[in-house]
Structure formats: C-alpha cells, structure tokens
Amino acid sequence: MMIENSRVFQSDVNDFLASQEFAEYELDLTFLDPPFNQAKDYSSHDDDMPEGEYWDWMQRVCGAVYTQTSKGGAIYFMQREKNSEQVLRCLREAGWTLQNLIVWKKLTSAVPMSRRFGKQYQIIAYATKGSKARVFNRLRIDPPLPANYKHKRSNGMFVTDIWDDIRELTAGYFAGDEALRNRDGLRFHKQQAPIALLLRIVLSSSQVGDRVFDPFAGTGTTLVVAQQLGRRGLGVEIDPDNADCIRERLREIRPSDDVQRFRDDYRYTENLGEIWGYDIERGKQSVLNLPLFRPSIP
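Since this is a predicted model, take the numbers as computed values, not measurements.

Analysis parameters
Residues numbered from 1 in each chain as written. Predicted model: local features only at pLDDT ≥ 70, side-chain atom pairs only at ≥ 80, totals over all residues. Heavy atoms only, no water. Disulfide = S-S within 2.5 Å. Buried < 20%, exposed > 50% of the residue type's maximum accessible area, 1.4 Å probe, protein only. Pairing = 2+ DSSP bridges. Helix = DSSP H or I, 4+ residues; strand = E, 2+ residues; numbered from the N terminus. Axes fitted to C-alpha atoms, helices over the stretch in contact; angles between N-to-C directions. Parallel < 35°, antiparallel > 145°, perpendicular 65-115°, else oblique. Left-handed = near helix turned anticlockwise from the far one by under 90°. Contact = heavy atoms within 4.5 Å. Nonpolar A, V, L, I, M, F, W, Y, C, P; charged D, E, K, R; others polar.

**Remarks on the state of the cysteines**
- Inspection of the entire model under this criterion finds zero disulfides.
- Its sulfur unpaired, Cys-90 is 5.4 Å from the next cysteine sulfur, which belongs to Cys-62.
- Classification of Cys-90 by relative accessible area gives buried; the value is 0%.

Structure, rendered in structure tokens:
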C-alpha cells in the first residue's frame, strides 16, 4: 500500500482551520499540543493571551477538528495538570467523548513549588468522536518489575493510563541526541515532544493509511512518527523556521528519530506487525549513515 508523504502547511492555525483546503480532509487521529499560554518567548505567537480568550480559542480548535474527524476518530489533548478542568470542558462542549485522562509522569526531578506540591506530570486527555473508538490497539509493554514482584512477566502488561516509562526531552543531559539543536548547541525548540510519546499515541489510536493531524506541529515529531508507520501525516506550523525543520526531518530520518529502536518495547503486542506498518529490514537500512540534522538557524 503506497502512502503519500506527510504534508506540512506553514500557516496560522486559525486561518488553516477555516480554509476550504482543511474542509476537504477527513481526520482519524489528532494530537493537540498547543502553546500553554505561559508567556513563553515564541517568535510567531503571543503566548500571554487573556485566559478566557485562550480557552475560547482552544474550544474552537477542538470543535473544528471534531467536525473533520471520522466517526470514532480520536484526539489526544496535552496540557498542564492545572488546566485539566478547562481541557475537559473544551472537549465536552466541542462534542468529544472522554475515554481516559492519561497521566504522563516525568522521569526527571519534579519542579519545586513554594506553596504547593512539586509538579511531576502532564495530562493527556484521550477522547473520541462518539462513544466508541473506531480504532484502539491494546498495546503491551514490559517495563521493569516493581520491587515487590517476585516473578518476571511472561508476556508483558497492557498499557494503562499512567505513562511513567517515557522520558521527556529536557534542556540538559537527558535531552540526548534526539533534541534538535542550533549551531551553538542550544535547543532549537524547548518544547520538542519525544518520539516515544507520539509512537504510543499513533500505535494506540490509528491504523496504516489513517490521517494523523497536528495543528501545532512544532518540530514535527507527530509527522515524523506517522510517516514511518505508514500513516498520512498533516501538520500546521506558524513559525517558518519550525516548518523548514519539519520538512528536513521528514526528508531524512535521523537515527535518533527512527521508531524501530522502540519496536522491542511493544514485542508482546498481539497485532504489532499489522499496526506497525513498516518493513523492519528496509527501515533499518534507511537510517544508516544519515547526517544528524542541525537546523541552519543563526
């Protein structure tokens, strides 16, 4: 089955969602990871909007995506834990049916707070268009055994709504080679999502040939994963430098972006060969001797 390359639109998301071109797409899975409105210094976005205006915007995005999503299609909406109530409201009022509130527990130290408990997780709301998911693949993983377990698992365990086995890309040592960097060695995009996170989402809620959408594509991790798994990626990114970065990542898959290094993590999943949608040997060959991409940003 031939899958078209992922498409990247360098555009304001509001303009794209209102366009005739967007109206022609049917979406099967959306990963919604917008700016968190924390007054971050983005070159092409005001990240310090009035709170009410920001959440009205998020609801409009959820609604536009809902309209174009296939029956039973899914959305994963990632946000700060303190905004859980607003996330659930946006999804509910746009018509989505909540299936899970996933806790992505960070593996680095918790952010210390002076008058409340330190923050160590983000939430990801998983919802569907209608009460039943069109696609939901029950993934099995085999994380380290808890200290009180006496016997090793024979066939892993099903993924739950607590994701504590995926490391975020921090600004320091733990960012590793996966984090894109400028020529000066600094992170190109401080909010870059890890390959492992999007791999779990795409494997769980899509099948080969499905349309996977990311309206705030950032550095394109969603599209990089979708394309390798035989899905049709669609991304929107307002920053022209980010959009160029995405196109380069899609053109040449870096060793650190190769999803094959995570395949063994899901070896106990019964239908893994069917949902992976990628030739293992061809995939291994495709990433040999590729240059480590460094965006040509001054």
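So much for the structure itself; the text now carries on.
**Remarks on the pairing of strand β4 (residues 97–105)**
- As defined by bridge partners, β4 adjoins strand β5 (residues 121–128) across eight bridges and the pair is classed as antiparallel. Note on β5: the bridge partner recorded for Asn-100 is Tyr-126.

**A short note on the packing of helix α5 (residues 195–205) against helix α6 (residues 221–228)**
- Two numbers describe how α5 lies on α6: the axes approach to 9 Å, and their chain directions differ by 55°. Classified by the interaxial angle, the pair formed by α5 and α6 is oblique. For the element pair α5 and α6, the recorded crossing hand is right-handed. Seen from α5, the contacting residues are Ile-195, Leu-198, Leu-199 and Val-202; seen from α6, they are Thr-221, Thr-222, Val-224 and Val-225.
- When its residues are assigned to classes, the contact of α5 with α6 shows six nonpolar, two polar and no charged.

**A short note on α5**
- Burial analysis of α5 places eleven of its eleven residues in the buried class, which makes it a mostly covered element.
- Along α5, the positions that sit buried rather than exposed are Ile-195, Ala-196, Leu-197, Leu-198, Leu-199, Arg-200, Ile-201, Val-202, Leu-203, Ser-204 and Ser-205.

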